[in-house]
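Descriptive structure summary
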Amino acid sequence: MPTQFPSAPIVAEPAPLRLDEGGTVRIGSSRITLDLVIEQYENGMTPERMVQAYDTLQLADAYAAIAYYLRHREEVRAYLTRREHAAAAFQSQIEANRTIPSREELLERRALREANNAARQ
């Protein structure tokens, strides 16, 4: 005879995922991103170890985020790919706007730093 639960309600809880103001999916009430949890999971880290490493992450939330990923792998992969492309575009923009100091500017900075260090001694 199968075991029955004594009128215990079984309620499905939504995944503890939230979209922050910047469009990043975060886990529960923590600042931990879905990206990080999935990366760590795929590298072999257990949810228990994640909770030890990231003290704001709740164990149930880590398991729920991984379960969501396993059930919605294609959607999560598409989200992660979009995030990677956005990060690469942002990195390219930063590098394009970065100015490389001339040799003279670097020598001036060095001389100033050395003068400041000498003045402290």
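Residues numbered from 1 in each chain as written. Predicted model: local features only at pLDDT ≥ 70, side-chain atom pairs only at ≥ 80, totals over all residues. Heavy atoms only, no water.

With that settled, consider the packing of helix α1 (residues 34–42) against helix α3 (residues 59–71). Packed helices, taken two at a time, are described by the angle between their axes plus the distance between the axes. Two numbers describe how α1 lies on α3: the axes approach to 10 Å, and their chain directions differ by 80°. The pairing of α1 with α3 is recorded here as roughly perpendicular in orientation. Only Ala65, Ile66, Tyr69 and Leu70 of α3 make contact with α1, whose side of the interface consists of Leu34, Val37, Ile38, Tyr41 and Glu42. Residues belonging to the contact of α1 with α3 are distributed by class as follows: eight nonpolar, no polar and one charged. (Axes fitted to C-alpha atoms, helices over the stretch in contact; angles between N-to-C directions. Helix = DSSP H or I, 4+ residues; strand = E, 2+ residues; numbered from the N terminus. Parallel < 35°, antiparallel > 145°, perpendicular 65-115°, else oblique. Contact = heavy atoms within 4.5 Å. Nonpolar A, V, L, I, M, F, W, Y, C, P; charged D, E, K, R; others polar.)

Now for helix α4 (residues 73–97). Along its 25 residues, α4 runs 36 Å from first to last C-alpha, staying within 8% of the 36 Å computed at 1.5 Å per residue. Those residues of α4 lying buried are Val76, Tyr79 and Leu80. Considering only its buried residues, α4 is in contact with β2 (25–27), α1 and α3. (Expected span 1.5 Å × (residues − 1). Buried < 20%, exposed > 50% of the residue type's maximum accessible area, 1.4 Å probe, protein only.)

Turning our eyes to something else, we now look at the packing of aromatic side chains. Taken as a whole and assessed by the stated rule, the structure comprises one aromatic pair. Between Tyr41 and Tyr69, the aromatic rings sit 6.4 Å apart at their centres with planes inclined by 80°, giving edge-to-face as the arrangement. Of the two residues, Tyr41 sits in helix α1 while Tyr69 sits in helix α3, which places them 28 residues apart along the sequence. On the basis of relative accessibility, which here comes to 31%, the residue Tyr41 falls in the partly exposed class. Accessibility expressed as a relative area gives 1% for Tyr69, which makes it buried. (Phe/Tyr/Trp six-rings, centres within 6.5 Å; stacked < 30°, edge-to-face > 60°.)

Packing of α3 against α4 leaves a shortest axis separation of 5 Å and a crossing angle of 100°. One finds that α3 runs roughly perpendicular with respect to α4. Within the contact between the two elements, α3 uses Tyr68, Tyr69, Leu70 and Arg71 and α4 uses Arg73, Val76 and Arg77. Taken together, the residues of the contact of α3 with α4 break down into four nonpolar, no polar and three charged.

A separate point is the environment of Ala111. Within the fold, Ala111 resides in helix α5 (residues 103–120). Each C-alpha atom, one on Ala111 and one on Ile100, is 18 Å from the other, the two residues being eleven residues apart in sequence.

What follows covers the pattern of salt bridges. Evaluated as defined, the whole model comprises four salt bridges. As a salt-bridge pair, Arg77 and Glu42 come within 2.4 Å of each other at their nearest N and O atoms. Of this pair, Arg77 sits in helix α4 while Glu42 sits in helix α1; the two residues are 35 residues apart in sequence, bridging distant segments of the chain. Of the residues examined, Arg77 reaches a relative accessible area of 31% and is grouped as partly exposed. Of the residues examined, Glu42 reaches a relative accessible area of 42% and is grouped as partly exposed. (Salt bridge = Lys/Arg side-chain N within 4 Å of Asp/Glu carboxyl O.)

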